[in-house]
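Coordinates in review
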Amino acid sequence: MSALLELSSVTRRFGGLRAVSDVTLSVPQGEVLGLIGPNGAGKTTLVNVITGVHPASAGKVRFAGEDITRVRPYQAARRGIARTFQIVQPFPGMTVLENVAAAAMFAGGLSYGQRARDEALQHLRFVGLAEVANSNAAALTLAMRKRLEFAKGLAMRPKLLLLDEVNAGLNAAEVDQALELIRAIAARGVTVLIIEHLMKVVLSLCSRIAVLHHGELIAAGAPQAIIEDPRVIQAYLGKRYARAQAGAHG
Amino acid sequence: MKRDASIALVLFALVALLPLSGEAYWMRLGTTMLMYGVLAMSWNFIGGMAGYPSFAVAAFFGLGAYAGAVAQKFGVPMGFAWVGAGLLALVFAALLGVALLRLRGHYFAIASLVVAEVLRELVNSMTGLTGGGMGLNLPIPAMASVDAQARFFFYVMLLLAAVTFTAMLITANSKLGFGLRCIQQNESAADMLGVDTTFYKVSAFMLSGVFVGVAGAVYASWVYYIEPPDVFDVLYSVKAIVMVLLGGAGSMFGPLVGAAAFLSLEELVWRNYLEVHTGVLGLMIVLLVLFLPKGLISLSQRLGRRGKLR
C-alpha cells in the first residue's frame, strides 16, 4: 500500500505557540486512522495544516505523491481532500440539495446544472436526507446537519475524508447511525482520518490510532497497543480507563 | 430563467415606448431611471450576490465619465469612447478587486469608499488632461434637434440597462452566480468546498464596474459638461445601494424596481417638500428597509403566497 497522505516533520506555529510540533505521520490508501488527544493538543490545527487553512510553518505535506504544503483550501478540496467541521457549516440560506450540489460542482468538478443536482440527491439518499432535500439547511436538526456534512464531503469525490468530531453533540442512537455511515464510506475505498473523543467510536472504526499531546505525536499504532501505552494513558486516557480496560480483558 | 427573461423583455419593451409621450421631462426622468438601474444592477453583482458592501460605484462612474470625455477630447468617436471607458473600468476593477477584496465587511466598505475620493483628487490635480476643477466640456452630438438628442440618449441607456440585466441574469444562473451565493453565505466554507473565492469575488467586482464605467461615459456625453465633484459624487454609491435594498438585494428585478421606486419617491418628495425633501426621503427609506428587509420585490412573493391555497 502506498501512502496517500504523508506528513514529514510538520510544525505549525502561532506566534510563540507551537500548536503542532514536528509531526511525522503517513496514512496509507484505504486506512481509517483515528486521531486522539486532549483538548488543545493540536488535532484540529493538524487538519487545518493538511487542508491549507493554516499552512505548515515548517515541514512538508504530501498528498497522492504531490507536495501540497502551500496549496490554498479550495485547491486542496479540488485535489480530493474533504473535511467536515467540528462546528457544522452549512450555507444556511440554501436548500439541503443546493448545499450538496455546491460541493459536487466546485470540488467534484461538475458543471452547473441538473447533473450536479442528481448526484447531490444520490448522496442525500445515501446519508438518509433525501426527504428534506428541498428544505432550508438552517431548518435541520444538529444530527441532520452532521449527516449533511457527510453528504457534502462525499459529493466532493474525496480520496481523503477528514472528520473533525462528527459525533460531538449527538446522542447514543445518533452516534450509532453515524458510525454505520462512516463504515459505509470507508467501504467505498475512501481513506478516513477521524478526530474523535469517544473511544468507543475510535476503537470500533479505526485500524490505527495516532495520539497528539501538546502538539507532538506521542504514539501511533494498532488500537490495542495504543490503549495500553503508558504515555497515552498518562496524557489522555487516564488510569481509570486503563484499569477498566484491563478488567474487561482480564 | 426563461420566465425572468420574458418578464424583462416585456418590461424593457414598455419602457421603450416612453418617448411616445413627447415630453422632455419624462425623457429626462426615464434616462435617469435607466442609468440608476444600471448602477443598481451593477452593485447587485458584488453587494447582492457576493455580499460585499461596495461603495466603489462612484469611482467607476467618475472613471468612466472622465475616460470617455478625455478620449473624445483626443478625437476618439463617441461610441468607441464609451466602450473604452467600460473596458478601463473593467481593468481598474480587476486590479482594485485583487487588492481590496482581501478585506471583509466594514473594512471592505470603507476601503472601497475612499477610492472615489482618491480618483477625484487625481482628476483635480491632472489639470492638463482633465481640466482639473474647471471641468471638461464634451463635444455636443450633431443631431437634428434637442428632442432627437434626448431620444438618442434615452435609447442608449435603455440598451445599456438591457445588456446589464442580461449579464446579471446569465451570471445568476451560472456556476459563477452559484459560487457567489456560497461566498455570500459563508466564505470560508465555500473555500473549503473548492470555490476559488478570490477569482469569483474579483469577477463579481469586474462585472460591477464595467457597466457603470460605460454609464459614466454616456452620462458625460449626455450632459456635455463634467466636473470632479459631480461625477465622483459618493451619492452615486449610496443611491445604488439604497435602490438595491429598496427593491430587494440579490434578486433579479429588485435593482430595477428599486431604481424606479427610488426615483419616483425622490421626484415626488422633492416636488412636495422642497425644504425638507432629503429628510423626508431618508425617513421613508429607513421605514421601507425596516419593514420590508427583503425589499419591495418580496411584496409580490408575499401576495403570491397568500393567494395559494394551503
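Our subject is the structure listed above.
Predicted model, so just to flag it, every value in this text is computed and none were measured.

The rules behind the values
- Residues numbered from 1 in each chain as written.
- Chains lettered and ligands numbered in written order.
- Predicted model: local features only at pLDDT ≥ 70, side-chain atom pairs only at ≥ 80, totals over all residues.
- Heavy atoms only, no water.
- Helix = DSSP H or I, 4+ residues; strand = E, 2+ residues; numbered from the N terminus.
- Rg over C-alpha atoms; globule rule 2.2 N^0.38 Å.
- Buried < 20%, exposed > 50% of the residue type's maximum accessible area, 1.4 Å probe, protein only.
- Contact = heavy atoms within 4.5 Å.
- Areas by Shrake-Rupley, 256 points an atom, 1.4 Å probe, with all protein chains shown as cover.
- Core = buried A, V, L, I, M, F, W, Y, C linked by side-chain atoms within 4.5 Å.
- Phe/Tyr/Trp six-rings, centres within 6.5 Å; stacked < 30°, edge-to-face > 60°.
- Salt bridge = Lys/Arg side-chain N within 4 Å of Asp/Glu carboxyl O.
- 1 Å grid on protein atoms, 1.4 Å probe; cavity = no way out; pocket = protein on both sides within 12 Å on 5 of 7 lines; lining within 4 Å.
- Points joined across faces, edges and corners; volume = space filled by probe spheres on them.
- Nonpolar A, V, L, I, M, F, W, Y, C, P; charged D, E, K, R; others polar.

**Some words on the overall build of chain A**
The secondary structure content of chain A amounts to 10 helices and 10 strands. In terms of overall size, chain A behaves like a compact globule, its C-alpha atoms giving a radius of gyration of 18 Å where 250 residues would be expected to give roughly 18 Å. Dimensions of chain A, computed from C-alpha atoms along their principal axes, come out at roughly 55 × 40 × 35 Å. When each of the 250 residues of chain A is scored for burial, the buried share is 53%. Considering only contacts in chain A between residues 6 or more positions apart, those separated by 24 or more positions represent 65%. About 10,600 Å² of surface is accessible on chain A, with carbon and sulfur atoms providing 51% of the total.

**Digging into the nonpolar core**
The biggest cluster of nonpolar side chains holds 162 residues, and the ones touching the most others in it are A:Leu124, A:Phe150, A:Ile194, B:Phe61, B:Phe165, B:Phe205 and B:Ile226. Looking at which element gives the most residues to this core, the answer is helix α10 (residues 197–223) of chain B, with 15 residues. Counting residues in hydrophobic clusters, the runner-up holds 28 residues, among them A:Leu5, A:Val27, A:Val61 and A:Ile195.

**Points about unusual backbone geometry**
All names here are of chain A. Phi at Glu165 takes a positive value of approximately 45 degrees, unusual for a residue other than glycine. For His214, which is not glycine, the phi torsion reads 50 degrees and is therefore positive. For His214, the location among the structural elements is in the loop between β9 (208–213) and β10 (216–221).

**Quick word on the packing of aromatic side chains**
Residue and element names in this part refer to chain B. In total, this model carries 21 aromatic pairs over all chains according to the counting rule given. With 6.1 Å between their ring centres and 70 degrees between their planes, Phe108 and Phe205 make a pair best called edge-to-face. Highlighted residues: Phe108 in helix α5 (residues 105–125) and Phe205 in helix α10, separated in sequence by 97 residues. Between Phe152 and Phe153 the ring centres are 5.2 Å apart and the planes differ by 75 degrees, which places this aromatic pair in the edge-to-face class. The exposure class of Phe152 is partly exposed, given its relative accessible area of 27%.

**Some thoughts on the pattern of salt bridges**
Where side chains of opposite charge bring their charged atoms close, a pairing between them can arise. Residues and elements named next belong to chain B. Applying the stated rule across the entire model yields 13 salt bridges over all chains. Glu266 serves as the salt-bridge partner of Lys239, at 3.3 Å between the closest nitrogen and oxygen. Placement of Lys239 in helix α12 (residues 234–247) and of Glu266 in helix α13 (residues 254–272) is noted, with a sequence separation of 27 residues between them. The exposure classification of Lys239 matches that of Glu266, with both residues buried. Put simply, Arg104, Glu187 and Lys201 are held in one network by salt bridges that share partners.

**Remarks on the layout of surface pockets**
Residues and elements named next belong to chain B. Taken as a whole, the largest pocket spans an internal volume of roughly 1,800 Å³. Only α1 (2–16), α2 (24–49), α8 (175–185), α13 and α15 (297–307) provide two or more residues apiece to the lining of the largest pocket. The residue makeup of the lining of the largest pocket, split by class, is 21 nonpolar, 17 polar and 9 charged. By volume, the second largest pocket is sized at about 570 Å³. For the lining of the second largest pocket, the elements supplying multiple residues, two or more each, are α2, α10, α12, α13 and α14 (277–291). For the lining of the second largest pocket, the class distribution of residues is 15 nonpolar, 4 polar and 6 charged.

**Concerning empty space enclosed by the protein**
Within the structure shown, the criterion is met by 2 cavities of 30 Å³ or more. Of the voids in this model, the largest cavity is the one considered here, and its volume is about 80 Å³. For the largest cavity, the full set of lining residues is A:Arg83, A:Thr84, A:Phe85, A:Gln89, A:Glu149, A:Lys152, A:Gly153, A:Met156, B:Ala189, B:Met192 and B:Leu193. Looking at the lining of the largest cavity, the elements that each hand over two or more residues are β6 (81–84) and α5 (142–155) of chain A together with α9 (187–192) of chain B. At 3 residues, α5(A) tops the list of elements feeding residues into the lining of the largest cavity. By residue class, the composition of the lining of the largest cavity is 5 nonpolar, 3 polar and 3 charged. Of the voids in this model, the second largest cavity is the one considered here, and its volume is about 60 Å³. Looking at the second largest cavity, the residues that line it are A:Ala143, A:Lys146, A:Arg147, A:Phe150, A:Leu170, A:Glu174, A:Gln177, A:Ala178 and A:Leu181. Secondary structure elements with two or more residues in the lining of the second largest cavity: α5 and α6 (172–187) of chain A. For the lining of the second largest cavity, the residue count by class is 5 nonpolar, 1 polar and 3 charged.

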